Amino acid sequence: MFIREQIGHLTHRLRRNRRSPAIRSLIQETLLTPSDLIHPFFLLEGSRKKEPIASMPGIERLSLDLLLSQAKHLHQQGVRAIGLFPSIDKSLKTANGEEAWNPDGLTPRAISAIKDALPSLCIIADVALDPYTSHGHDGIASPSGEILNDETLDCLCRMALTLADAGVDFVAPSDMMDGRVGAIRKTLDASGFTKTGILSYSIKYASSLYAPFRDALHSHLAFGDKKTYQMDPANRREAMLEALLDEEEGADILMVKPATLYLDVIAKLREETHKPIAAYHVSGEYAMVMAAHEKGYLDAEKVFYETLLSIKRAGADMIFTYAGPIVLPMLSF
Ligand code: PBG
């Protein structure tokens, strides 16, 4: 009885603000909307072609015609940006990845076709050599297997120029070479592409969560690992150095990748920069949830909603995610 009387005099009852869906929506601090999402597409040569990716249930490599119809559908549901990742034929992969700056290559052709068909959609394309190199690394390799920084910059600049010329909105350097944002900015400006933006993969960790993506692009490493250019997951101060250097070099948007294991890094970056922040909820983060969903252990739709919300809450303004088609029904816009 004594305890009951004490409780009766509680002044603070935070549950008053959780009583109904209407009240809960009034106090909701973080909102997830379709326009926060960037949907990555895996692009195939040809037409009417789609190939499932075993490690990414629900995601397929698509030829341009099928990609266009999926992109249109997502756009109608409020998604306003897509990422493009080419899955190119093995015969086109070379040691130095020359196909990466072929103006008639798969990606530049796709960019201009998508711009024609869906002009209000923002297109973001990666700048890195890995889809095009026979060894799967993001840069030029020396005979001993070292990934050469400055030699690679030259290729990245050519690639960025090709993508800009095709009409891409943002080039997204994902290679982690030193100085690439500055080099790309200068190259683009010198050719008059002052409006083409740079969304930099500024803080990209050497993560084990990219494995399904490498399946999707058939870009498995022939030797070594990516630890001499991608960051050590143990480091956060170094991550700030990477991001602030990219800002100085002219990046328009700074990205952290992966997302959920690095929410502290996103939150820290939010305090350090006034630039927009993107996060990449990567292939492995998608695959883990889908695998559990397929086993009936959890509900992918709800887990993805909570996950993407947590990434925004940490400070991201936009999120690359494969989960868009699954969570969109839960988002109002
Ligand atoms: C290429 C690139 C990778 C991803 C995006 N761009 C793979 C890598 O660096 O090995 C990963 C995306 C994902 O896992 O969803 N540089």
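For the structure, see preceding data.
Before going into details, it helps to say that this report is about the structure given with it. Everything numeric here is computed off the predicted structure, so don't read it as measured data.

The rules behind these values
- Residues numbered from 1 in each chain as written.
- Predicted model: local features only at pLDDT ≥ 70, side-chain atom pairs only at ≥ 80, totals over all residues.
- Heavy atoms only, no water.
- Helix = DSSP H or I, 4+ residues; strand = E, 2+ residues; numbered from the N terminus.
- Buried < 20%, exposed > 50% of the residue type's maximum accessible area, 1.4 Å probe, protein only.
- Contact = heavy atoms within 4.5 Å.
- Phe/Tyr/Trp six-rings, centres within 6.5 Å; stacked < 30°, edge-to-face > 60°.
- Lys NZ or Arg CZ within 6 Å of the ring centre and 35° of its normal.
- Near = heavy atom within 4 Å.
- Polar contact = N/O pair within 3.5 Å; in protein donor to acceptor, adjacent residues only side chain to side chain.
- Areas by Shrake-Rupley, 256 points an atom, 1.4 Å probe, with all protein chains shown as cover.
- Nonpolar A, V, L, I, M, F, W, Y, C, P; charged D, E, K, R; others polar.
- Patch = residues over 30% accessible without salt bridge, like charges linked within 9 Å, V, L, I, M, F, W, Y side chains within 5 Å.
- Salt bridge = Lys/Arg side-chain N within 4 Å of Asp/Glu carboxyl O.
- Lys, Arg positive; Asp, Glu negative; His and termini not counted.
- Charge placed at Lys NZ, Arg CZ, Asp CG, Glu CD.

Time to look at the environment of Ala172. Position of Ala172 relative to the elements: it lies in strand E8 (residues 170-173). Residue Ala172 is classed as buried on the basis of its relative accessible area, which comes to 0%. Aside from chain neighbours lying at most four places away, what touches Ala172 is Ile124, Ala125, Asp126, Val127, Leu199 and Tyr201.

For the rest of this paragraph, the subject is the packing of aromatic side chains. Each aromatic ring pair is characterised by the separation of its centres together with the angle its planes make. This structure, assessed with the given rule, holds 11 aromatic pairs. Between Phe42 and Phe213 the ring centres are 5.7 Å apart and the planes differ by 65°, which places this aromatic pair in the edge-to-face class. Taken together, the residues Phe42 in strand E1 (residues 37-44) and Phe213 in helix H7 (residues 211-217) connect sequence positions 171 residues apart. Accessibility assignment for this pair places Phe42 and Phe213 in one class, buried. Aromatic rings pair up to connect Phe42, Phe85, Tyr201, Phe213, Tyr280, Tyr286, Phe304, Phe320 and Tyr322 into one cluster. Positioned above the aromatic ring of Tyr210 is the side chain of Lys204, whose terminal nitrogen or guanidinium carbon lies 5.6 Å from the ring centre. Taking the ring centre of Tyr210 as reference, the NZ or CZ of Lys257 above it sits at 4.3 Å.

Moving on, we get to the site of the ligand. Lining the immediate environment of the ligand, one finds 18 residues, of which Lys204, Arg214, Lys257, Ser283 and Tyr322 sit closest. Asp138 has a polar side-chain atom sitting 2.8 Å from a nitrogen atom of the ligand. Between the ligand and the protein, one listed contact pairs an oxygen atom with a side-chain N or O atom of Lys204 at 2.6 Å. Computed on the free molecule, the ligand has an accessible area of 400 Å², of which 99% lies beneath the protein chains in the complex. Every element with two or more residues in the shell around the ligand is listed here: strand E9 (197-204) and H7. Residues of the shell around the ligand, tallied by class, amount to 8 nonpolar, 3 polar and 7 charged.

A cluster of basic side chains, namely Arg13, Arg15, Arg16 and Arg18, defines a positive patch on the protein surface. Counting through the fold element by element, Arg15 comes out in the loop between helix H1 (2-8) and helix H2 (21-27). For Arg15, a relative accessible area of 67% corresponds to the exposed category.

For the rest of this paragraph, the subject is the pattern of salt bridges. Pairing is possible between side chains that carry opposite charge, provided their charged atoms lie close to one another. Considering all chains together, one arrives at 14 salt bridges under this definition. Measuring nitrogen to oxygen at the nearest pair gives 3.4 Å for the salt bridge that ties Arg180 to Asp246. With Arg180 in helix H6 (residues 180-190) and Asp246 in helix H8 (residues 237-249), this pair connects stretches of sequence that are 66 residues apart. As far as the burial class goes, Arg180 and Asp246 line up, both buried. Each of Asp130, Asp138 and Lys226 takes part in a single network of salt bridges with overlapping partners.

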